[in-house]
Amino acid sequence: MDSERLHPSIATPLGRELQAQSHQWTKSSLMYPIFITDEAGAKVKLGGMPNQYRWGVDRLEEFLKPLVQRGLRSVILFGVPVLKDKDPVGSLADDPQGPVIQAIQKLRELFPNLYIAADVCLCEYTSHGHCGILYENGTVDNQKSIDRLADVAVAYAKAGAHCVAPSDMMDNRIGAMHQKLVEADLRDKTTLMSYSAKFASSMYGPFREAVGSAPSFGDRRCYQLPANARGLARRAIQRDVREGADIIMVKPGLPYLDVLGDARELAPDHPRAVYQVSGEYATIHAAAAAGVGDFKALVQETMTSMVRAGASLILTYFTPELLQWLDDDEKK
Ligand code: PBG
Ligand code: ZN
């Protein structure tokens, strides 16, 4: 299979930096997950996630300009459509007027040096809230799902995303995306970051509330990995490498550092990402508020731990604070 490509990994300055096998986290290690809505003028506070908002595309400049000035290198986009009706195939995911495609185009224009990743999934856009397309009986139609997800990935790449990051956990979606990106002649400049080992976790609650993606029936246990499934995670990582992933992700972060260690062993020559998810973020805020420990020290220790276990890129909602602290520490 035509899957091993090196050019996507070196198509951007950040991509080239991530090839260094560093043991220190820096500003380049931070990818900030942000929520974009189709509501013009919106800046809506997210219930379970202190200091996080969903933003209208027209307010992205005011939101991100100060962060870019402070050294923000990359973002990952999540779309939260609120104006139009959702359908069973998630048509809003790649609606040219939808929040993600509009935001990609806007951000490329506003911040030419910002690395733009787009999360690829259907759950924010489907009427049933599942991450794929379903058979009539409510179970996942894997083939239809990966065909559709690959089309969405191509649409984001076409709009200008440097990186597409499928979080759906359907079988063989990396191969499908790789193939459709090749056919669209976009593969060489598009990084494929796979949420390879994504677990069915109880720590996604605040995120699902933020984007309105809780499934309307059932749960995600037939496509996300069981918490105890270290073997399946290892197989998923190896499979995604074979299918052509450029970056391998583990999610959530802290409770799954052994899996991140496995990723370092199984994919030693790939950059590895880890997602410190909404529940981890909310937990640390709650712990600090309860006096368990110092907020900055708690957050920084999690960063150090994730890098120690093998992460080169960390998706974290603490990115704004971490950028500020790196500057503060430099001045000392
Ligand atoms: C959806 C998706 C989820 C997250 C990222 N993409 C939630 C889920 O799988 O239900 C979680 C992120 C977070 O909790 O911060 N595919
Ligand atoms: Zn999903």
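Note that the structure is predicted; figures quoted are calculated from it, not measured.

K.L.:
Break down the site of ligand 1 for me, with residues and values.
P.N.:
In the vicinity of ligand 1 there are 16 residues, among which Lys-198, Arg-208, Lys-251, Ser-278 and Tyr-317 approach most closely. Arg-220 places a side-chain nitrogen or oxygen 2.9 Å from an oxygen atom of ligand 1. Interatomic distance of 3.4 Å between a side-chain N/O atom of Lys-251 and a nitrogen atom of ligand 1. Coverage of ligand 1 by the protein amounts to 100% of the 400 Å² it exposes when considered alone. Partitioned by chemical class, the residues of the shell around ligand 1 number 9 nonpolar, 3 polar and 4 charged.

K.L.:
If you had to explain the coordination of the zinc ion (ligand 2) to someone new, which residues and values would you point to?
P.N.:
Binding of the zinc ion (ligand 2) to the protein goes through Cys-121 (SG), Cys-123 (SG) and Cys-131 (SG), at separations of 2.2 to 2.3 Å. Around the zinc ion (ligand 2), the 4 donor atoms are arranged such that angles at the metal cover 93 to 124°; this shape is classified as tetrahedral. Of note, the zinc ion (ligand 2) draws all its donor residues from one chain, in the sequence arrangement C-x1-C-x7-C. Comparing Cys-123 with Cys-131, the two get one shared label, buried.

K.L.:
Tell me what's going on with the UniProt feature "binding site: Zn(2+)" (unreviewed entry) in the protein chain, and back it up with residues and numbers.
P.N.:
Mapped onto the present numbering, the UniProt feature "binding site: Zn(2+)" (unreviewed entry) falls at Cys-121, Cys-123 and Cys-131. Leave out the neighbours within four places in its chain, and Cys-123 touches Gly-129, His-130, Cys-131, Ser-213 and Arg-220. Position of Cys-131 among the secondary structure elements: in the loop between strand 5 (115–120) and helix 4 (142–159). A relative accessible area of 1% means that Cys-131 is categorised as buried. If near-sequence neighbours (up to four positions away) are discounted, Cys-131 is found in contact with Cys-121, Leu-122, Cys-123, Leu-149, Asp-168, Met-170, Arg-220 and Tyr-223.

K.L.:
Account for the packing of helix 10 (residues 295–309) against helix 11 (residues 319–331), with residues named and values stated.
P.N.:
Where helix 10 contacts helix 11, the axes come no closer than 11 Å and their chain directions differ by 100°. Here helix 11 runs roughly perpendicular to helix 10, going by the angle between their axes. Contacts from Phe-295, Lys-296, Val-299, Gln-300 and Met-303 in helix 10 reach Glu-321, Leu-322, Trp-325 and Asp-329 in helix 11. Tallied by class, the residues present in the contact of helix 10 with helix 11 amount to 5 nonpolar, 1 polar and 3 charged.

K.L.:
Tell me about the pairing of strand 1 (residues 30–37), and name the residues and values.
P.N.:
Along any regular strand, the residues point their side chains to alternate faces of the sheet. Along strand 1, 8 of the 8 residues are buried, which leaves the element largely enclosed by surrounding structure. Burial of strand 1 is two-sided: the residues Leu-30, Tyr-32, Ile-34 and Ile-36 facing one way and the residues Met-31, Pro-33, Phe-35 and Thr-37 facing the other way are all buried. Summarising the sheet, strand 1 and strand 4 (residues 74–80) pair through 7 bridges and their orientation is parallel. In the strand pairing of strand 4, Thr-37 is matched with Val-80. For strand 1 and strand 3 (residues 53–56), the ladder comprises 3 bridges, and the chain directions are parallel. Residue pairing across strands places Ile-36 opposite Trp-55, the latter belonging to strand 3.

K.L.:
Please set out the packing of helix 9 (residues 278–289) against helix 10 residue by residue, giving values where relevant.
P.N.:
It is at 9 Å that the axes of helix 9 and helix 10 come closest, and there the two elements cross at 145°. Crossing angle aside, the handedness with which helix 9 passes helix 10 is right-handed. In this structure, helix 9 uses Ile-284, His-285, Ala-287 and Ala-288 to contact helix 10, whose residues at the interface are Phe-295, Leu-298, Val-299 and Thr-302. Among the residues making up the contact of helix 9 with helix 10, the classes are represented as 6 nonpolar, 2 polar and no charged.

Cut-off values and rules
Residues numbered from 1 in each chain as written. Chains lettered and ligands numbered in written order. Predicted model: local features only at pLDDT ≥ 70, side-chain atom pairs only at ≥ 80, totals over all residues. Heavy atoms only, no water. Near = heavy atom within 4 Å. Polar contact = N/O pair within 3.5 Å; in protein donor to acceptor, adjacent residues only side chain to side chain. Areas by Shrake-Rupley, 256 points an atom, 1.4 Å probe, with all protein chains shown as cover. Nonpolar A, V, L, I, M, F, W, Y, C, P; charged D, E, K, R; others polar. Donors = N, O, S within 2.8 Å, 3.2 Å for Na, K, Ca; no water. Tetrahedral: all angles 85-135°; square planar, octahedral: opposite > 155°, others 65-115°. Buried < 20%, exposed > 50% of the residue type's maximum accessible area, 1.4 Å probe, protein only. UniProt positions renumbered as here; feature names shortened; annotations may be inferred. Contact = heavy atoms within 4.5 Å. Helix = DSSP H or I, 4+ residues; strand = E, 2+ residues; numbered from the N terminus. Axes fitted to C-alpha atoms, helices over the stretch in contact; angles between N-to-C directions. Parallel < 35°, antiparallel > 145°, perpendicular 65-115°, else oblique. Pairing = 2+ DSSP bridges. Left-handed = near helix turned anticlockwise from the far one by under 90°.

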